Amino acid sequence: YFKYKLIKLGIPVNRFDNPFKRVLNAITSFFLLTCSVKKERRFTGFMHIFILYGSLTFDTITGIHILEGVFEGIHISNIHALIADIFAILVLIAVTYFIIRRYVLRPDSYTYKNFESLWIYSLLITVTITFLLYEGAVIALDPSHSQYSFVGIIIAKLFTSPSELLVKVFWWIHIINVFIFIIYVPRSKYLHMMAGPVNIALKNNSYLAKTKIIDIEDEEAEFFGVEKINHFTQKDLLDGFACLDCGRCQDYCPAYISGKSLSPKKIITDIRDDLIENGTKILKNKDVELLAICDRAINSEDIWDCTTCGSCMNVCPVENEHIPKIIGLRQSQVLMESKFPEELNVLYKGLENQGNPWGINAESGMDWAKDLDIPLISEKKETDILVWAGCSGKFDANTQKNQKYFIDILKKSNADYAFLGNEETCCGDPARRTGRDELFQMLAMENIEVLKNYKFKRIVTSCPHCLYVLKNEYKELGGDFDIIHYADLIKEFIEKEDIIVEKGVKEKMTYHDPCYLGRYNGSYETPRVLLNNVSEENILEMKNNKDHSFCCGAGGGGMWKEESKGDRINHIRLKEAENTGTDVLVTACPFCSTMFKDAKEETKSEQIEIKDIAQIVFDNIKK
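Just so it is clear, the model here is predicted, and its values are computed rather than measured.

> Give a detailed account of the overall build of the protein, specifying residues and quantitative values.
Within the protein one finds 27 helices and 7 strands. Principal axes of the C-alpha set define a box for the protein whose edges measure 100 × 65 × 45 Å. Looking at the protein as a whole, 57% of its 623 residues are labelled buried. Sequence-distant contacts, at least 24 apart, represent 79% of the contacts inside the protein between residues at least 6 apart. Counting every atom, the protein has about 27,300 Å² of accessible surface; 55% of that belongs to carbon and sulfur.

Here is the structure:
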């Protein structure tokens, strides 16, 4: 109840739509352990099944044991005793495995600063062993009880002088251990056994990493973003108590893997620890002045290492939401404190003055296409497909080359398309991910007003970041548009035979899943289908692929700031591609393409050629 009151200090958030589905998810995750039995750690998750069903078995038996202590003639059934013995053995096996894993193998993802785990393991062992000893004493006194209890029968042979006193002694020892366990769990990190299913029930059923859009016009607002512990939502605060301390998020975080100090798990647990410390002060004295959480409970430098790739949220067993917290903290640092990496000044000035991250003259945005005879929506007024070029497509030479391949595909398919041209400004993604919400909203509203002036069926873009923003966040600002990624459109062209492709690629290829196309938009198979349509070889898969793809390092503002700590993320990913023995690394995102070309130059790699998926398809269209 105390922790419930702490959670209530947060900002309320509505997560009560579709209650039946939410409750079903919670029940399923609890009883089937779908949250824990994931492909990241299947064996460890399987061991948790032993603990869970062992605990549930002992819970029912404990109820019977309590009644045994009060009423004569009450005993567990033979079948129940058999099940209990089986799970007693399985629980002891599982606990032994966890002790070895945590205290002998010591994976980096676990926390070792306290003895909570050792204490809970000890209680699990003592509860199990005292149950078996009590069962053996009962059988030794009266062999007619629990005839299927194969472990109890063995232990009973150890008691050469059975007595009522011996039964009562072991009864008390077992019951005391059980109630110590019951009392301890809610007061420890193992509250996650109860908080986890609740957290899963309250998960965000909208788009991944949905972050509240700040009402910049609110003159009564005392803060923007997240500055203090009570500025988080109630779901944010619940996340801390639901956390398993398993470290899966840390294991898959590209920032942590590359040697940065950011740990997604530590963000969650630091917020939880600060809530317990400072939330207690609020409950005692509502007028207490809370301190800012950054640079006290959380290192402000850590939040800028995040690439917002979504790996942490993808692997979290209990649906913790790391990225919205980090973005909320960035919003506060930028809007309230004007604290952010110095390199982002160039980004912000470019967006403010020219509507693009590089600050290049906005009027030159379509110069690259002067000789391509590209139709503009301002001239056509109406079109089937409106092409969103994106800032990279308009101002980055490498992406312009790839965009030309896509234009050639559009022409060969005889599609009805048009570009926005210089009326298109940055979608606002770099500002949004780095906490400049007012700048994001300015850019977004400008684009929404322009788009509403024209008639089109859908928008297509080569940039997964633009796709995510236009598809999801623009909708919250009044811009509801049908938008798809160019890989999906190209796949449509092939299926309708608007273009005919042949298997002309003889080189070995591997495909990099962009974070914002894969985890954020769920598109994994379409690019692979396109490559398989044109390749004679099977596509080689990197160690980390599909929903476990490793980030290129560009997201979350990473494209415009330096990695000052550890290894470069794009170097790690390029090396992973090289390890497949591939000839070509294929991308479907302009950010990824740029990052890999930079990595290739910086590492002087000669093994791999970097190509965009549009180029691969175009080069294999039948003439």
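> For a nonpolar patch on the surface, give the residues involved together with the corresponding values.
There is a patch of nonpolar side chains on the surface, built from Val 23, Ile 27, Phe 31 and Leu 32 and spanning about 370 Å² of accessible area. Position of Leu 32 among the secondary structure elements: in the loop between helix 2 (19-31) and helix 3 (42-70).

> How would you summarise the side chain of Asp 239 if you had to cite specific residues and measurements?
Structurally, the position occupied by Asp 239 is in helix 9 (residues 234-242). A distance of 3.0 Å separates polar atoms of two side chains, one belonging to Asp 239 and the other to Asn 199. With residues near it in sequence (within four places) discarded, Asp 239 still touches Asn 199, Ile 268, Glu 319, Asn 320, Glu 321 and Lys 325.

> Quick one: what's the story with the packing of aromatic side chains, residue by residue and with numbers?
Inspection of the entire model under this criterion finds 21 aromatic pairs. Where Phe 159 meets Phe 170, the ring centres are 5.7 Å apart and the plane angle is 45 degrees; that geometry is what we call tilted. Here Phe 170 lies in helix 7 (residues 164-184) and Phe 159 lies in the loop between helix 6 (150-156) and helix 7, a separation of 11 residues in the sequence. On the basis of relative accessible area, Phe 170 is assigned to the buried category, the value being 13%. The rings of Phe 43, Tyr 97, Phe 98 and Tyr 121 are connected pair by pair, giving a single aromatic cluster.

> Outline the pairing of strand 6 (residues 584-587), listing residues and values.
Taking every second residue as pointing to the same face, both faces of strand 6 are buried, with Val 584 and Val 586 on one and Leu 585 and Thr 587 on the other. As paired strands, strand 5 (residues 509-511) and strand 6 are joined by 3 bridges and run parallel to one another. Across the sheet, the residue bridging to Thr 510 is Leu 585, located in strand 6. Considered for its hand, the β-α-β crossover made up of strand 6, helix 26 (residues 590-603) and strand 7 (residues 609-612) is right-handed.

> Any details on the environment of Thr 130? Residues and values, ideally.
Structurally, the position occupied by Thr 130 is in helix 5 (residues 116-141). Using a relative accessible area of 8% as the deciding quantity, one classes Thr 130 as buried. Residues Thr 130 and Ile 621, spaced 491 residues apart in sequence, show a C-alpha to C-alpha distance of 73 Å. Aside from chain neighbours lying at most four places away, what touches Thr 130 is Phe 170, Ile 173, His 174 and Asn 177.

> Hey, could you go over helix 19 (residues 397-412) for me, with residue numbers and the actual values?
Between its terminal C-alpha atoms helix 19 stretches 23 Å, which fits the 22 Å expected from 16 residues at 1.5 Å a residue. Within the sequence span of helix 19, burial applies to Asn 398, Thr 399, Gln 400, Asn 402, Gln 403, Tyr 405, Phe 406, Ile 407, Ile 409 and Leu 410. In the stretch just after helix 19, Asn 414 is the one whose phi turns positive, near 60 degrees.

> So what's going on with the side chain of Ser 300? Residues and values would help.
Structurally, Ser 300 can be placed in helix 13 (residues 300-303). Residue classification places Ser 300 among the buried positions, given a relative accessible area of 12%.

> If you had to explain the sheet that holds strand 7 to someone new, which residues and values would you point to?
The sheet built from 3 strands is open, its strands ordered 5-6-7 with parallel pairing. Every interior strand has two partners, whereas the edge strands, strand 5 and strand 7, have only one. Neighbour to neighbour, the strand axes of the sheet diverge by 30 degrees on average, direction disregarded. Both strand 6 and strand 7 contribute to a ladder of 4 bridges, which runs parallel. Across the sheet, Val 584 pairs through a bridge with Glu 609, a residue of strand 7. Where helix 26 meets the sheet, its contacts fall on strand 6 and strand 7, and the angle it forms with strand 7 comes to roughly 170 degrees.

Criteria and cut-off values
- Residues numbered from 1 in each chain as written.
- Predicted model: local features only at pLDDT ≥ 70, side-chain atom pairs only at ≥ 80, totals over all residues.
- Heavy atoms only, no water.
- Helix = DSSP H or I, 4+ residues; strand = E, 2+ residues; numbered from the N terminus.
- Buried < 20%, exposed > 50% of the residue type's maximum accessible area, 1.4 Å probe, protein only.
- Contact = heavy atoms within 4.5 Å.
- Areas by Shrake-Rupley, 256 points an atom, 1.4 Å probe, with all protein chains shown as cover.
- Patch = residues over 30% accessible without salt bridge, like charges linked within 9 Å, V, L, I, M, F, W, Y side chains within 5 Å.
- Salt bridge = Lys/Arg side-chain N within 4 Å of Asp/Glu carboxyl O.
- Polar contact = N/O pair within 3.5 Å; in protein donor to acceptor, adjacent residues only side chain to side chain.
- Phe/Tyr/Trp six-rings, centres within 6.5 Å; stacked < 30°, edge-to-face > 60°.
- Pairing = 2+ DSSP bridges.
- Right-handed = clockwise from strand over helix to strand, strands pointing away.
- Expected span 1.5 Å × (residues − 1).
- Axes fitted to C-alpha atoms, helices over the stretch in contact; angles between N-to-C directions.

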